[in-house]
Structures are given as structure tokens and as C-alpha cells.
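What follows is the residue order along each chain.
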Amino acid sequence: MSLRDWTELHARLHRTLRQRQLLPAHQRLLVAVSGGQDSLCLLQLLLDLRAHWHWQLAIAHCNHRWRPDSDDNAAHVQSLAQNWQLPYYSATATDLKATEAAARKWRYEVLTQIAQAQGYSTVVTGHTQSDRAETLIYNLLRGSGMEGLQALAWQRELAPNLGLVRPLLEVTRSETEQFCQIAALSVWQDRTNEDWQYARNRIRQELLPYLRQHFNPQVDRALSQTAELLRADLEYLEAATDTLWLQVAHLDRINRRLLANAPLALQRRILRRWLSQVLSIAPNFEQIEKLVTLLESPNRSQTDPFPGGAIARVEADWIVLQR
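Residues numbered from 1 in each chain as written. Predicted model: local features only at pLDDT ≥ 70, side-chain atom pairs only at ≥ 80, totals over all residues. Heavy atoms only, no water.

**Q** In this structure, what is going on with the overall build of the chain? I would like to understand it.
**A** Per the secondary structure count, the chain includes 12 helices and 10 strands. The principal-axis extents of the C-alpha atoms in the chain amount to approximately 75 × 45 × 40 Å. A total of 323 residues make up the chain; the buried ones form 47% of that total. The contacts in the chain between residues at least 6 apart in sequence include a share of 68% that link residues at least 24 apart. When the accessible surface of the chain is summed, it comes to about 17000 Å², and 49% of that surface belongs to carbon and sulfur atoms. Averaging the coordinates of the 36 positive side-chain charges in the chain and doing the same for the 34 negative ones gives two points 3 Å apart. (Helix = DSSP H or I, 4+ residues; strand = E, 2+ residues; numbered from the N terminus. Buried < 20%, exposed > 50% of the residue type's maximum accessible area, 1.4 Å probe, protein only. Contact = heavy atoms within 4.5 Å. Areas by Shrake-Rupley, 256 points an atom, 1.4 Å probe, with all protein chains shown as cover. Lys, Arg positive; Asp, Glu negative; His and termini not counted. Charge placed at Lys NZ, Arg CZ, Asp CG, Glu CD.)

**Q** Looking at this model, I keep getting lost on helix α11 (residues 264-276). Mind explaining?
**A** Given 3.6 residues per turn, any residue in an α-helix points the same way as the ones three and four places further on. Compared with an ideal rise of 1.5 Å per residue, which puts 13 residues at 18 Å, α11 spans 18 Å between its outermost C-alpha atoms and is within 8% of the ideal. Every buried residue of α11 is listed here: Leu266, Gln267, Arg269, Ile270, Leu271, Trp274 and Leu275. Buried residues along α11 sit against α6 (146-150), α9 (219-248), β8 (253-255), α10 (256-260), α12 (285-294) and β10 (318-322). (Expected span 1.5 Å × (residues − 1).)

**Q** What should I look at first to understand the packing of α11 against α12 in this one?
**A** A pair of packed helices is characterised by two quantities: the angle between their axes and the separation of those axes. With their axes 9 Å apart at the nearest point, α11 and α12 run at an angle of 110° to one another. Judged on the interaxial angle alone, α12 and α11 are roughly perpendicular. Viewed along their axes, α11 and α12 form a crossing whose handedness is right-handed. Residues Leu264, Gln267, Arg268, Leu271, Arg272, Trp274 and Leu275 of α11 form the contact with α12, whose own contacting residues are Phe285, Gln287, Ile288, Glu289, Leu291 and Val292. Tallied by class, residues from the contact of α11 with α12 come to 8 nonpolar, 2 polar and 3 charged. (Axes fitted to C-alpha atoms, helices over the stretch in contact; angles between N-to-C directions. Parallel < 35°, antiparallel > 145°, perpendicular 65-115°, else oblique. Left-handed = near helix turned anticlockwise from the far one by under 90°. Nonpolar A, V, L, I, M, F, W, Y, C, P; charged D, E, K, R; others polar.)

**Q** Would you mind going over the pattern of salt bridges with me for this structure?
**A** Where charged atoms of side chains with opposite charge meet at close range, the side chains can pair. Considering all chains together, one arrives at 22 salt bridges under this definition. Here Glu238 ties to Arg269 by a salt bridge, and the two come within 2.5 Å at their closest N and O atoms. You can see Glu238 sitting in helix α9 and its partner Arg269 sitting in helix α11, a full 31 residues away along the chain. Taking the shortest distance from any N to any O, the salt bridge between Asp242 and Arg273 comes out at 2.8 Å. (Salt bridge = Lys/Arg side-chain N within 4 Å of Asp/Glu carboxyl O.)

See below:
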């Protein structure tokens, strides 16, 4: 790569990788490539920076079979891998996933399996600042807590000795589009991104443009920064919750006298964790608040049954779950 081809986006990514220590040198990286602009932008950037970092790169493509052109899309990505002389791995869904969440779960499972089988240390995806903003709004509208609002971490563990890294979280979708145009990359147009039956597409195509025009032209950056701040707060609260948990939780009971002295934020986190051990689904706000009320309730007070039939009851200094 010549110096004249070195763009501001190359420099930003290079700087981000160094500052955040996201993709150390000499690693084997499995890059998830859909064929869309974000993943192609990511792949080209990594290829251009490879000489500096000495990575070994490979491409993985997941075919959900959601569209009539899904097989053609996969063939297109395979052709790109051949042109770039990169190892190529693919997986095709045996059944159609009913929801975006189910498809996402399958996709990460497949990427994990490929990476482990082929000896890659890191899976890299092209999620952008715009994706982070969309995810925050989507989770906010669903009533998610801080876990949902912190949205798309820079990195997380997929499995032991296997990490997931998202190095483009400071890059907007408009920037990846411009980069692909300048680099003359052959972007595959996914028409499902224009289907408004998906809530995320309505956020992307309707809500965020409205917010940019009428409230804040830099709304993607503002929401992404909010997610970053929430992530730091979440890490602190999780550490405090772990410490308090050892003091108040005992098998099927919680010491309500000790927990009542803690801040409300920690009370809710402890009680949610405790209730999660009983319910088959994540406890909701109302269910957690029922337990918060018991912290100061008279002896023998109790809740109505939770899903599955368990009842929380006050017994002196304890809240006990009776199944």
C-alpha cells in the first residue's frame, strides 16, 4: 500500500487499535464478511494495515437463506476471498430463523465453531458507530436496563481463548460507504435492509435521519458515547454487585437486613441475579420491584407466584423463595 492510498480512516483505525489494544500483532483473525459496505470496509482496512501488524486474515460468511439471492451473495463473498487470496469459510443455515435475535445467535455460534476449528484467536466484525446508536435506541424502546443500553462493546469473549472484536465503533456508516466508493469495492446490496417490517430498519431509515435533521446532526456519535459511558458504569456496578452478593445471598434466601442498607441500584441487581436463578426467562422490572418491596415489608409478607410457581416470602431477616 502506497502512502497516497493511506486515508484518514486508516490512520484512525491504526490509532484505535494501538490505544485500545484490540488486535495485537501476529494474531490469526477471522473476519465476518456479509458482503455489505461495513464488512468490506473493515476487511480492506485490515488488509491494508496487515503489513504493520503481521496478522493472518481469513473470511467467514454466514448464509441465513433469508433472501432469494442469499446463495449468490455467498458466492460473491467467496469470489472476493479468492481475489484477495484469503482462506474462506462459510456456513448455511439448515432452517430459517424466525427472528433477528435467533439469526444473530446462530451467526455467533457458527463463527465460534469455525474459529475454534481452524485455530483463529479472534473473530472481527464490522459493527459501526451507527450500529451502536441503533442498538441503544432499539433496546431503550424495549425497556432494557443498563446491560442493553451500553450496546455493542469493543470486545468480549465468545469462548475460552476466543474473543470478538468490533474495531469500527468510532466509524459511521456514511464513512464506510464513502470508503467503499473511493476504494472501488464491490458491495453486495442487501435488500432486507430496506424492509420496514424489521424494527432496526425503521430506526435506521426513519428515526435516526429524523433525529439528525431535527435534533442533533451528530446523534450517532452522541448515542455511541452514551453507550461507552454506560459500559464503564456497568463494569463498576457489576464489581460492586459481586462483592455484595457474597455477603447477602445464601442458596434460596437473601439477607434482607443487609441488602436494605445498600443503594437501590445494587438492591435491584442483587435481586435480579437471585431471581434469574429460579425463572426460566429473564426477570422483568415488575418482578424485581416485588422483591424490593419485601426488603421493608412485615414478617410473613409474600409475593404472588412468579412464572413457574415460586413465591418469595419474608421470614424474619430473610427473603426466601418457596417453590
